[in-house]
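Descriptive structure summary
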Amino acid sequence: GQQVMQIPQYQHVQEGEDFTTYCNSSTTLSNIQWYKQRPGGHPVFLIQLVKSGEVKKQKRLTFQFGEAKKNSSLHITATQTTDVGTYFCALNDYKLSFGAGTTVTVRA
Amino acid sequence: SQTIHQWPATLVQPVGSPLSLECTVEGTSNPNLYWYRQAAGRGLQLLFYSVGIGQISSEVPQNLSASRPQDRQFILSSKKLLLSDSGFYLCAWMNGAGIDSPLHFGNGTRLTVT
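Within every chain, residues take consecutive numbers counted from 1 along the sequence as written. By the order in which they are written, chains take letters starting at A while ligands take numbers starting at 1. Reporting in this predicted model follows two pLDDT cut-offs: at least 70 for local features of residues, and 80 or more for side-chain atom pairs to be given and counted; totals over whole chains, interfaces and linings ignore these cut-offs and use all residues. Excluding hydrogens and water, the side-chain values take into account all heavy atoms of the structure.

Helix and strand counts for chain B stand at 0 helices and 11 strands. Its helices and strands in sequence order give chain B the pattern β-β-β-β-β-β-β-β-β-β-β, from N to C terminus. Radius of gyration (C-alpha) of chain B: 13 Å, near the 13 Å computed for a compact globule of 114 residues. With the C-alpha coordinates aligned to their principal axes, the bounding extent of chain B is approximately 40 × 25 × 20 Å. Secondary structure counts use DSSP, requiring at least four H or I residues in a row for a helix and at least two E residues in a row for a strand, with both numbered from the N terminus. As a reference, a globule follows 2.2 Å times the number of residues to the power 0.38, and the radius of gyration itself is taken over C-alpha atoms.

See below:
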C-alpha cells in the first residue's frame, strides 16, 4: 500500500520561532490528514487536505497539499510551549497509513 | 455526540499470560474500528481494522487477534503475551461512510509485559 514519509523526525524549536514539517509520498495521494499527539496522550485529528495545492489555516498552523498531491507540509509560526508533541500525517485509504511523525520540543 | 471508551488505561502482565483489551464506541452506527500499537517514541502501527461485525482484517502477523462481536465493540486479544507486545495500544473509530472522515482515538492502554 501507499506510504508516507515525514521529515524531520525531531524538531527542537526556540519559543517564538517558526518551523515546518514535511510529509512526502512517491505516489499521488487521494488525501492527507494531520494529527497531533501530546506527550502521554492519544493522537487528535487536526485537519484533512483533499485538493491539489490546497492551503488551510488554523490560527498559527498552516497546512498545505502539494500541487502534484505527493507531499504536504505543516508550518507553525511563533512556536509556543503548547505546540509540544508529535505531529503525524496520514493517508486515509480506510486503513489510515501514518507517517513516523515529527516530535517537537520547545526551548523557552 | 460520539464517544469512544477504551480500558484499562494501564496494564502490567507477565510473559505468557493472556490479554484482552476492550473498546466501545457510542453515538454512531456501523463505524470502522481500528487497533493500533505504538512503541515508546515511535509511530503508529496498524494491527487490525474492521468495517463490520465479524469482519476483521489483520495488517501484521503476530500472536494477537481481534474480534468484533457487536457493531460498536472491538476486542484485542492474545493467548500468550511476549515481551515484544509491550506498547501503547490505541483503539480508534471512523465514520464508515467514506474516506473523508477523521479517525477518533480512545485514550489508549499502556501495556507492559514483564
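What follows deals with the overall build of chain A. Per the secondary structure count, chain A includes 0 helices and 11 strands. Ordered by position from the N terminus, the helices and strands of chain A form the series β-β-β-β-β-β-β-β-β-β-β. Against the globule reference of 13 Å for 108 residues, chain A gives a C-alpha radius of gyration of 13 Å, in line with a compact fold. In terms of overall dimensions, chain A has a C-alpha envelope of 40 × 25 × 20 Å along the principal axes. Looking at charge distribution, chain A has the averaged site of its 11 positive side-chain charges lying 6 Å from that of its 7 negative ones. None of His or the chain ends enter the tally, which takes Lys and Arg as positive and Asp and Glu as negative. One atom stands in for each charge, and that atom is NZ of Lys, CZ of Arg, CG of Asp or CD of Glu.

As a further point, take the interface of chain B and chain A. Any two residues having at least one pair of non-hydrogen atoms within 4.5 Å are treated as being in contact. Counting from both sides, the interface comprises 23 residues of chain B and, opposite them, 20 residues of chain A. Accessible area that two parts lose when put together, with a 1.4 Å probe and added across both, is what the buried area reports. Of the roughly 1,700 Å² buried where chain B meets chain A, counting both sides, 56% is carbon and sulfur surface. N or O atoms closer than or at 3.5 Å make up a polar contact, with two conditions inside protein: a donor-capable atom paired with an acceptor-capable one, and, for residues adjacent in sequence, both atoms drawn from side chains. Linking chain B with chain A are 6 residue pairs in polar contact (both at pLDDT 80 or more). All residues other than Ala, Val, Leu, Ile, Met, Phe, Trp, Tyr, Cys, Pro, Asp, Glu, Lys and Arg, Gly among them, are scored as polar; the first ten of these are nonpolar and the last four charged. Tallied by class, residues from the side of chain B that touches chain A come to 12 nonpolar, 7 polar and 4 charged.

Quick look at the sheet that holds strand β8 (residues 73–78) of chain B now. Hydrogen bonds between backbone groups are what pair the strands of a sheet, and the pairing can be parallel or antiparallel. Residues and elements named next belong to chain B. DSSP calls a pair of strands paired once it identifies at least 2 bridges connecting them. Pairing is antiparallel across the open sheet formed by 4 strands, whose spatial order is β1-β3-β8-β7. In this open sheet, the two edge strands, each paired with only one partner strand, are β1 (3–7) and β7 (64–70). Geometrically, the sheet is characterised by an average inter-axis angle of 15 degrees between neighbouring strands, direction not taken into account. A fitted line through C-alpha atoms serves as each axis, taken over the contacting stretch for helices, and the angle formed by two N-to-C directions is quoted from 0 to 180°.

Take the side chain of glutamine 6 of chain A next. All names here are of chain A. Structurally, glutamine 6 is set in strand β1 (residues 5–7). Residue classification places glutamine 6 among the buried positions, given a relative accessible area of 8%. In terms of polar contacts, glutamine 6 uses its side chain to reach the backbone carbonyl oxygen of tyrosine 87, at 2.9 Å. A polar side-chain atom of glutamine 6 sits 2.9 Å from the main-chain amide nitrogen of glycine 101. Residue exposure (1.4 Å probe, protein chains only): buried if accessible area is under 20% of the type maximum, exposed if over 50%, otherwise partly exposed.

What follows concerns the environment of cysteine 91 of chain B. All names here are of chain B. Tracing the backbone shows cysteine 91 in strand β9 (residues 87–94). Judged by relative accessible area, cysteine 91 falls into the buried class, the value being 0%. Cysteine 91 sits 18 residues away from threonine 109 along the chain, and the two C-alpha atoms are 8.8 Å apart. Discounting chain neighbours no more than four positions away, the residues touching cysteine 91 are Ile4, Gln6, Cys23, Tyr34, Trp35, His104, Phe105 and Gly106.

Let us look at the sheet that holds strand β3 (residues 19–24) of chain A. Residues and elements named next belong to chain A. Strand order in the open sheet made by the 5 strands is β1-β3-β8-β7-β6, with antiparallel pairing throughout. On the outer flanks of this sheet lie β1 and β6 (55–58), each paired with one strand and no other. Averaged over all pairs of adjacent strands, the angle between strand axes in this sheet comes to 15 degrees, irrespective of strand direction. Note that β6 and strand β7 (residues 61–65) share 4 bridges and pair antiparallel. Across the sheet, the residue bridging to glutamine 58 is leucine 61, located in β7.

Moving on, we get to the pairing of β7 of chain B. Residue and element names in this part refer to chain B. As judged from the 5 bridges shared by β7 and β8, these two strands associate in the antiparallel manner. When the bridges of β8 are listed, serine 67 appears paired with isoleucine 75. Turn length for the β7-β8 hairpin, with the two strands adjacent in sequence and antiparallel, is 2 residues.

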